[in-house]
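Each chain, letter by letter, is given below.
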Amino acid sequence: MAALIRKSDELRGAALVVIALTGLSTWPVAEFGEGGYDRVYSMSNPDGQKWLEAHSKRAARAVPVVYVTAGLAVAVLISTKKKPTLVQPLVLATLIATVASFGLLGWVAHAGGQIRHPEFRRHTTGGERP
């Protein structure tokens, strides 16, 4: 956002590299998360197991969006040299995708925090459920 406001190519490039690397780092997180599913499931109580299932389903929805966001960031970095006319629309698309990814990952993390931390769960009638 600051790169757009300041119209700084250097700041924009740095932000895009961070977005791309962050998006790519999602792969090992998802891979190891899937690998640990059974162990965490066996250690969790029934409510925690429901939240683990919700966490897994949410991650399956969010991860592709994060990968698209990383791809858009890389596309901007490439288009800066090859097709400068595409830069602005791609930057805007990347910004929108980054905001969407951030929101989705917060949604995934919320469910993840509920798995092993019952103190964060609402225990009232009508409280949040996975």
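Look above for the structure.
Below or above, wherever it landed, is the structure these notes cover. (Residues numbered from 1 in each chain as written. Predicted model: local features only at pLDDT ≥ 70, side-chain atom pairs only at ≥ 80, totals over all residues. Heavy atoms only, no water.)

**Overview of the overall build of the chain**
A count of helical and extended segments in the chain gives six helices and zero strands. Counting from the amino terminus, the chain carries its helices and strands in the arrangement α-α-α-α-α-α. Scored against the burial criterion, the 130 residues of the chain give a buried share of 28%. A fraction of 71% describes how many contacts in the chain between residues 6 or more apart in sequence connect residues 24 or more apart. Surface accessibility of the chain: about 8,700 Å² in total, with carbon and sulfur atoms responsible for 66%. (Helix = DSSP H or I, 4+ residues; strand = E, 2+ residues; numbered from the N terminus. Buried < 20%, exposed > 50% of the residue type's maximum accessible area, 1.4 Å probe, protein only. Contact = heavy atoms within 4.5 Å. Areas by Shrake-Rupley, 256 points an atom, 1.4 Å probe, with all protein chains shown as cover.)

**Section: the nonpolar core**
Counting nine residues, the largest nonpolar core consists of Leu16, Ala20, Leu72, Ala73, Val76, Val87, Leu90, Val91 and Ala97. Looking at this core, the elements that each hand over two or more residues are helix H2 (9-24), helix H5 (46-82) and helix H6 (87-115). With four residues, H6 is the single largest residue contributor to this core. Residues within four places of Leu16 in sequence aside, it is in contact with Ala73, Val76, Leu77 and Thr94. Grouped together as the second largest cluster of nonpolar side chains are five residues, Trp51, Leu52, Ala54 and Ile115 included. (Core = buried A, V, L, I, M, F, W, Y, C linked by side-chain atoms within 4.5 Å.)

**Some thoughts on the packing of H5 against H6**
A packed helix pair is summarised by two numbers, namely the angle formed by the two axes and the spacing between the axes. The contact between H5 and H6 brings their axes to 8 Å, and the two run at 160°. One element, H5, and the other, H6, form an angle in the roughly antiparallel class. Between H5 and H6 lies a crossing whose hand is left-handed. Across the contact of H5 with H6, the residue classes tally to 22 nonpolar, eleven polar and two charged. (Axes fitted to C-alpha atoms, helices over the stretch in contact; angles between N-to-C directions. Parallel < 35°, antiparallel > 145°, perpendicular 65-115°, else oblique. Left-handed = near helix turned anticlockwise from the far one by under 90°. Nonpolar A, V, L, I, M, F, W, Y, C, P; charged D, E, K, R; others polar.)

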